[in-house]
Amino acid sequence: SGGGTMSVNRIVVEIETTIDAIGTVETHYYSTSGFSTKPTDTPANTYVAPRLKSAGNFRRELFSGTRVTGSVRPSFGEIVLFNNDAGLDDWLGYGVSGGKVTVRMGDETAAYPAGYTTLYIAYAQHIVADFSEIRIRLRDRLNLLEQPLVTASFAGTGGLEGTTAMAGKLKQWVSSDPCWFPPILVDAAKQLYFVQSTGAGGLTGSFAVYEGGIAITRNSNYPDASTCLSTSPAVGECRFFFDTAAVYVRLGSVPQLDLRVNGFGYHPSGSAWTFGVFAAQAGISGGTGPMTVGAQFIDDSSTYAEVMEDACKVSLGFFGMTRLDSFISGVLATPSASPSYTFNQHNAKDWRRSPIQDMDAPVWSLTANVGKTYPGSVALGASATNKEIYQRAPWWSAVAKTDASVKTANPGAVAVVINANGRHFQSALDQTNFTTPYMALFGVRRDFYTCTVPLSAETVGLDLHDTVEIKLPRFGLDAGKNFRVITQQIDCDRREITYGMWG
């Protein structure tokens, strides 16, 4: 929002707090210079006290680990409010944690908030108070992804909810086709097994049960839960029951060897599990981006964030919150041909070229191990292929790629090993589609520049992964060169932004 030059500007913060036991939310407004809003402003005819000492700093980093993308790491300073007069002492009794904090900047003559630019949106974590100041420590909503993905458990009340011994056990979750995973025995007397807590995505005909690597003969699916519970399959056979949000299977005989299921898990809509859906389930609606979770099997307390990070390892993906509090995901790529902004010696200062932390040299050797396996006892009559799959450990697939010429040209070049629990490589093409872009991105020398620009509506509008141009009379940049924005640090007090660019 907003725009134009802001030669005489103020910063205003809006802070939401819960002021009573019934959840009443109140919005407080403070600024760097006191003013009263106009009748046409929102809120109208309201005095905004000049209590704002510091509007904080906001930093985001696209790289969350060595050469591997994943969650966008945010870090915040503190909102600091003057409280010498004890006017904010009541805040100690408010529910501040989780309250939305919006920071805006605009010309002192502009309409509020229409004529202001939103610098960032964050959420209060807690406050620290003394006799002179209230400090509000901030975070973004990415912390909502730190909750366990799997929370549903068996009630232990009988039937599909299992015997009393099953009470509290998690109902395992499946995305796509992790392949040959163990089912959960929920009733030994009925030989009833729980397969997954996700839908089959229309692939019911592809499900199979193996005992020791030999497929158990599959009969017709159960039409409903009551038939599943009352009717046993014939000896040596199995029957599946596809419920709305779960899959079960019954055996007609007690198995003598380990069981494994070849299953498929999808969102109730029949679509693949996406990062946007994950974010929405965790409490962050409206997520966008192309990232999907891939083939994963979760039977523990893994968080949404951990499952998403796992998918990012081999997709070169990233996810996080924008400075305006929207969830996004994407795939890291080299700079595009169309930059959205040009940095030069006239509009930016404090130029510096340095390596990204832990990315001092290119990669000459890459090894990736993917797909956690679940080895089991094997029947003598199993085929050689099934025996190998049943006993494959510890990974479903591994791929390696080296380029000795990179090490020749860069003696400090490094070897990288990536381990991912999801079965993300299911063909030779999948492997190539990972190793080729990975080496193209990280198997070459990369430049990393930082510079500082004045804080304005134009400069704050750049986002992570945007393509920009650097054009300088030094460092071989005379003709201009395109880069990706990978760090953004907004310093509200100094009215500056420091950008980090990779290319």
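Reading the values: the criteria
- Residues numbered from 1 in each chain as written.
- Predicted model: local features only at pLDDT ≥ 70, side-chain atom pairs only at ≥ 80, totals over all residues.
- Heavy atoms only, no water.
- Helix = DSSP H or I, 4+ residues; strand = E, 2+ residues; numbered from the N terminus.
- Buried < 20%, exposed > 50% of the residue type's maximum accessible area, 1.4 Å probe, protein only.
- Contact = heavy atoms within 4.5 Å.
- Areas by Shrake-Rupley, 256 points an atom, 1.4 Å probe, with all protein chains shown as cover.
- Lys, Arg positive; Asp, Glu negative; His and termini not counted.
- Charge placed at Lys NZ, Arg CZ, Asp CG, Glu CD.
- Axes fitted to C-alpha atoms, helices over the stretch in contact; angles between N-to-C directions.
- Parallel < 35°, antiparallel > 145°, perpendicular 65-115°, else oblique.
- Nonpolar A, V, L, I, M, F, W, Y, C, P; charged D, E, K, R; others polar.
- Phe/Tyr/Trp six-rings, centres within 6.5 Å; stacked < 30°, edge-to-face > 60°.
- Lys NZ or Arg CZ within 6 Å of the ring centre and 35° of its normal.
- Salt bridge = Lys/Arg side-chain N within 4 Å of Asp/Glu carboxyl O.
- pLDDT = per-residue confidence, 0-100.
- Pairing = 2+ DSSP bridges.
- Patch = residues over 30% accessible without salt bridge, like charges linked within 9 Å, V, L, I, M, F, W, Y side chains within 5 Å.
- Expected span 1.5 Å × (residues − 1).
- Arc of directions from axis to C-beta.

Draft legend 1. Region of the structure containing the overall build of the chain. A count of helices and strands for the chain gives 6 helices and 32 strands. Overall size of the chain, expressed as C-alpha extent along the three principal axes, is 85 × 65 × 35 Å. Each of the 503 residues in the chain was classed as buried or not, and the buried ones make up 49%. In the chain, 66% of the contacts between residues at least 6 apart in sequence involve partners at least 24 apart. Counting only carbon and sulfur atoms, one obtains 50% of the accessible surface of the chain, whose full area is about 21500 Å². Separation between the mean location of the 40 positive side-chain charges and that of the 45 negative ones in the chain comes to 6 Å.

Draft legend 2. The packing of helix H2 (residues 275–282) against helix H3 (residues 304–315), seen in detail. Between H2 and H3, the least distance of the axes is 11 Å, while the angle of their chain directions is 170°. When the interaxial angle is binned, H2 and H3 end up roughly antiparallel. Residues Phe-275, Phe-278, Gln-281 and Ala-282 of H2 form the contact with H3, whose own contacting residues are Tyr-304, Val-307, Met-308, Ala-311 and Cys-312. Broken down by class, the residue content of the contact of H2 with H3 amounts to 8 nonpolar, 1 polar and no charged.

Draft legend 3. Seen up close, the side chain of Thr-17. Its place among the elements puts Thr-17 in strand S1 (residues 9–18). A residue is classified by how much of its surface remains accessible, and Thr-17, at 1% relative accessible area, is buried. Not counting residues within four places of it along the chain, the set of residues in contact with Thr-17 comprises Thr-24, Val-25, Glu-26, His-28, Trp-91, Tyr-94, Gly-95 and Val-96.

Draft legend 4. View of the packing of aromatic side chains. One pass over the full model with this rule turns up 33 aromatic pairs. The interplanar angle of 75° and the centroid separation of 5.2 Å between the aromatic rings of Phe-297 and Tyr-374 together place this pair among those described as edge-to-face. With Phe-297 in strand S21 (residues 296–298) and Tyr-374 in the loop between strand S26 (363–372) and helix H4 (384–391), the pair connects residues that are 77 residues apart, well separated along the chain. Taken individually, Phe-297 and Tyr-374 each receive the classification buried, so the pair is uniform in this respect. Here the aromatic residues Phe-425, Phe-434, Tyr-438, Phe-442 and Trp-502 are joined through ring pairs into a cluster of three or more. Above the ring of Trp-396, the side-chain terminus of Arg-392 is found at 4.3 Å from the ring centroid. Residue placement shows Arg-446 over the ring face of Trp-502; its charged tip is 4.8 Å from the ring centre.

Draft legend 5. Looking closely at the pattern of salt bridges. Inspection of the entire model under this criterion finds 18 salt bridges. The partner of Glu-14 in a salt bridge is Arg-104, and the shortest N-O contact between them spans 2.4 Å. Here Arg-104 lies in strand S9 (residues 100–107) and Glu-14 lies in strand S1, a separation of 90 residues in the sequence. The class of Arg-104 is buried, set by a relative accessible area of 15%. In this structure, the salt-bridge partner of Glu-61 is Arg-59, at a minimum N-O distance of 3.1 Å.

Draft legend 6. Representation of the confidence of the model for the chain in the model. Within the chain, residue pLDDT values average 94, and 97% of them lie at 70 or more. The low-confidence segment residues 1–6 (pLDDT under 50) makes 16 contacts with residues lying over four places distant or belonging to another chain.

Draft legend 7. Structural context of the pairing of strand S6 (residues 57–63). Note: S6 against strand S31 (residues 481–491), 5 bridges, orientation antiparallel. Bridge pairing in S31 links Phe-58 to Ile-490. In the sheet, S6 pairs with strand S7 (residues 69–76) via 5 bridges, with the strands oriented antiparallel. By the bridge assignment, Phe-58 is partnered in S7 with Phe-76.

Draft legend 8. Representation of a negative patch on the surface. A surface patch of like charges, here negative, comprises Glu-146, Asp-299, Asp-300 and Glu-306. On the accessibility criterion, Asp-300 (34% relative accessible area) is partly exposed.

Draft legend 9. Representation of helix H6 (residues 428–442). Relative to the 21 Å expected for 15 residues at 1.5 Å per residue, H6 spans 21 Å between its end C-alpha atoms, a close match to the ideal helical length. If you check which residues of H6 are buried, you get Phe-434, Thr-435, Tyr-438, Met-439, Leu-441 and Phe-442. Take H6 and look down its axis: the buried residues cluster within an arc of 160°, on one side only. Turned more than 90 degrees off the buried face of H6, the exposed positions are Ala-428 and Leu-429. Buried residues along H6 sit against S6, H3, S26, strand S27 (395–402), strand S28 (414–420) and strand S32 (496–502).

Draft legend 10. Quick look at the environment of Val-277. Structurally, Val-277 can be placed in helix H2. Separated by 15 residues in sequence, Val-277 and Thr-292 place their C-alpha atoms 9.3 Å apart.

Draft legend 11. Inspection of unusual backbone geometry at higher detail. Each neighbour pair has its own omega, and for Thr-42 with Pro-43 the value is 0°, a cis peptide bond. A cis amide bond, omega 0°, links Tyr-112 with the succeeding residue Pro-113. Turning to its location among the elements, Pro-113 is positioned in the loop between S9 and strand S10 (116–129). Even without a glycine there, the phi angle at Ala-86 is positive, about 65°. Take Ala-86: it is sitting in the loop between strand S8 (78–82) and S9. The exposure class assigned to Ala-86 is partly exposed, which follows from its relative accessible area of 39%. For Asp-325, which is not a glycine, the phi torsion comes out positive at approximately 75°. On the secondary structure map, Asp-325 appears in the loop between strand S22 (317–321) and strand S23 (327–331). Relative accessible area serves as the criterion here: at 10%, Asp-325 is assigned to the buried category.

Draft legend 12. Spatial organisation of the sheet that holds S27. One open sheet accounts for 3 strands, arranged S27-S26-S28; its pairing is mixed. In this open sheet, the two strands that pair with only one neighbour each are S27 and S28. Ignoring strand direction, the axes of neighbouring strands in this sheet form an average angle of 10°. With 7 bridges joining them, S26 and S28 adopt parallel strand pairing. Residue Ala-368 lies in a different strand from S28, and its bridge partner there is Ile-418.

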